[in-house]
Amino acid sequence: MLVGIVVFPGSNCDRDLEVAFRAAGADVTMIWHKETSLPKGLDMIGVPGGFSFGDYLRCGAIAAQSPICRAVVDHAKAGGYVLGVCNGFQILTETGLLPGALLRNANLKYICKTIPLTVENTDSAYTSGYSQGEQVMFPIAHHDGNYTADADTVARLEGDGRVAFRYADNPNGSTADIAGIFSQNRHVLGMMPHPERAADAQHGGTDGQALFRAVVGAMQHA
């Protein structure tokens with residue numbers, strides 16, 4: 001399995017994502033944001049956390065206009081897999097691959113801590129390694145993680161089983177405690193918490209390992 005991780009100016013979790021995917025058995029290649037095409041044989045794309053372009057204008061808005069994002073959108077629309085974490089989630093909403101927006105935290109403060117999440121749906125390549133309703137601990141590190149969508153959008157997400165993770169104790173004001181959502185076909189996952197920062201016991205937790213092992217395993221047996 002080959003994973004391509006997009007790197008923007010300001011990305012700071014690209015290497016963490018690389019290490020987590022490699023530990024799960026994937027081959028990884030890094031893709032600079034000015035590239036216009038994806039490497040041949042790519043199975044999946046990772047859009048990492050960080051502060052792309054310094055979060056100027058609006059988080060993820062400038063990154064979404066980078067040349068490579070056109071290829072990322074085409075990859076997803078063709079049924080390819082894409083994982084966006086934190087700033088990556090923001091970028092996926094800015095490209096239109098996922099609905100809603102990530103706004104300023106309700107308390108107007110940057111939050112950096114490990115928090116409990118509830119696994120809402122295990123019917124996906126990403127979450128099949130968990131149990132329905134299982135509580136996991138993932139770090140968060142964001143200033144603009146308040147997931148916001150109108151009532152109709154939230155109703156569709158809920159009705160279609162597209163809420164992947166929910167905050168057990170909402171830290172940022174996100175609508176319906178939503179921490180991560182799927183695309184319609186569940187091949188695209190965007191989430192604010194960092195599973196790649198919970199994939200090594202020496203870093204304080206391993207609850208994220210199941211996500212990477214599950215999706216790599218699904219790709220290898222596809």
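Residues numbered from 1 in each chain as written. Predicted model: local features only at pLDDT ≥ 70, side-chain atom pairs only at ≥ 80, totals over all residues. Heavy atoms only, no water.

(A) Spotlight on the sheet that holds strand β2 (residues 27-32). Strand order in the open sheet formed by nine strands is β2-β1-β3-β4-β11-β10-β9-β6-β7, and the pairing between neighbours is mixed. The open sheet has two edge strands with one neighbour each: β2 and β7 (135-142). Here the strands of the sheet are splayed against their neighbours by 20° on average, with no regard to which way each runs. Across the face of the sheet, helix α2 (residues 67-77) comes into contact with β1 (2-7), β2, β3 (44-47), β4 (81-85) and β11 (188-191) while running at roughly 125° to β4. On the sheet, helix α3 (residues 87-94) packs against β3, β4, β10 (178-182) and β11 and is oriented at approximately 120° with respect to β4. (Pairing = 2+ DSSP bridges. Helix = DSSP H or I, 4+ residues; strand = E, 2+ residues; numbered from the N terminus. Axes fitted to C-alpha atoms, helices over the stretch in contact; angles between N-to-C directions. Contact = heavy atoms within 4.5 Å.)

(B) Spatial organisation of the pairing of β10. Most of β10 sits inside the fold, with five of its five residues counted as buried. Here β10 pairs with β11 via three bridges, running antiparallel. For Phe182, the partnering residue across the bridge sits in β11 and is Leu189. (Buried < 20%, exposed > 50% of the residue type's maximum accessible area, 1.4 Å probe, protein only.)

(C) A look at the pattern of salt bridges. Following the criterion strictly, the structure yields eight salt bridges and no others. The partner of Arg166 in a salt bridge is Glu120, with the nearest N and O atoms 3.3 Å apart. Of this pair, Arg166 sits in strand β9 (residues 163-167) while Glu120 sits in the loop between β6 (111-119) and β7, and the two are 46 residues apart along the sequence. By relative accessible area, which is 15% here, Arg166 ends up buried. The class for Glu120 is partly exposed, based on a relative accessible area of 24%. (Salt bridge = Lys/Arg side-chain N within 4 Å of Asp/Glu carboxyl O.)

(D) Inspection of the pairing of β7 at higher detail. Taking burial as the measure, the eight residues of β7 include six buried ones, the bulk of the element. The sheet contact formed by β6 and β7 spans eight bridges and is antiparallel. Across the sheet, Ile111 pairs through a bridge with His142, a residue of β7.

(E) Spotlight on unusual backbone geometry. For Asp55, which is not glycine, the phi torsion reads 60° and is therefore positive. Here the phi dihedral of Leu57 falls at roughly 70°; this positive angle occurs in a residue that is not glycine. Assignment of secondary structure puts Leu57 in the loop between β3 and α2. By relative accessible area, which is 73% here, Leu57 ends up exposed.

From the geometry alone we can't say anything about function, so treat these as descriptive.
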